[in-house]
Amino acid sequence: YRYPDASAVCGKPLFENIQGIDVLVNPVLLVEIISPTSEKRDLEKKLEIYQAIPSVKEYLVIYSTKRQVIQ
């Protein structure tokens, strides 16, 4: 499981305990703050994993090194 930097839910949040951490399993928005070292992983591998979550409607990527946001 991947952990986004931030997430949001509409309605009742549902959590699952994964390795001792309560994880939101029904997010509608996932947010990643990316750096040059995480850019490829966040834009490819994590995006693919997040798209498999049925509740996700939006994925927001915020660059930490420049003024750019990708929706």
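Residues numbered from 1 in each chain as written. Predicted model: local features only at pLDDT ≥ 70, side-chain atom pairs only at ≥ 80, totals over all residues. Heavy atoms only, no water.

Novice: Even after reading the chapter, I still don't get helix α1 (residues 39-51), so can you show me in this structure?
Specialist: An α-helix turns once every 3.6 residues. As a result, residues three or four positions apart point the same way. Its 13 residues place the ends of α1 17 Å apart at the C-alpha level, agreeing with the 18 Å of an ideal helix rising 1.5 Å per residue. Maximal helix bending in α1 amounts to about 30 degrees, located at Lys45. Of the positions making up α1, those classed as buried are Asp42, Lys46 and Tyr50. For α1, the secondary structure elements touched by its buried residues are β4 (29-34) and β5 (58-63). (Helix = DSSP H or I, 4+ residues; strand = E, 2+ residues; numbered from the N terminus. Expected span 1.5 Å × (residues − 1). Bend = angle between axes of the 7 residues up to and from the residue. Buried < 20%, exposed > 50% of the residue type's maximum accessible area, 1.4 Å probe, protein only. Contact = heavy atoms within 4.5 Å.)

Novice: Which parts of the structure should I look at to understand the pairing of β5?
Specialist: When a strand is regular, its side chains alternate between the sheet's two faces. Alternating positions in β5 separate cleanly, Tyr59, Val61 and Tyr63 being buried on one face and Glu58, Leu60 and Ile62 remaining unburied on the opposite face. In this sheet, β5 lies alongside β4 in parallel orientation, the contact comprising six bridges. Bridging from a neighbouring strand, Glu32 pairs with Val61 of β5. With respect to chirality, the unit in which β4 leads through α1 into the neighbouring parallel β5 is right-handed. As paired elements, β5 and strand β6 (residues 69-70) share two bridges and run antiparallel to each other. The residue of β6 that forms the bridge with Ile62 is Val69. What sits between the antiparallel neighbours β5 and β6 is a turn of five residues. (Pairing = 2+ DSSP bridges. Right-handed = clockwise from strand over helix to strand, strands pointing away.)

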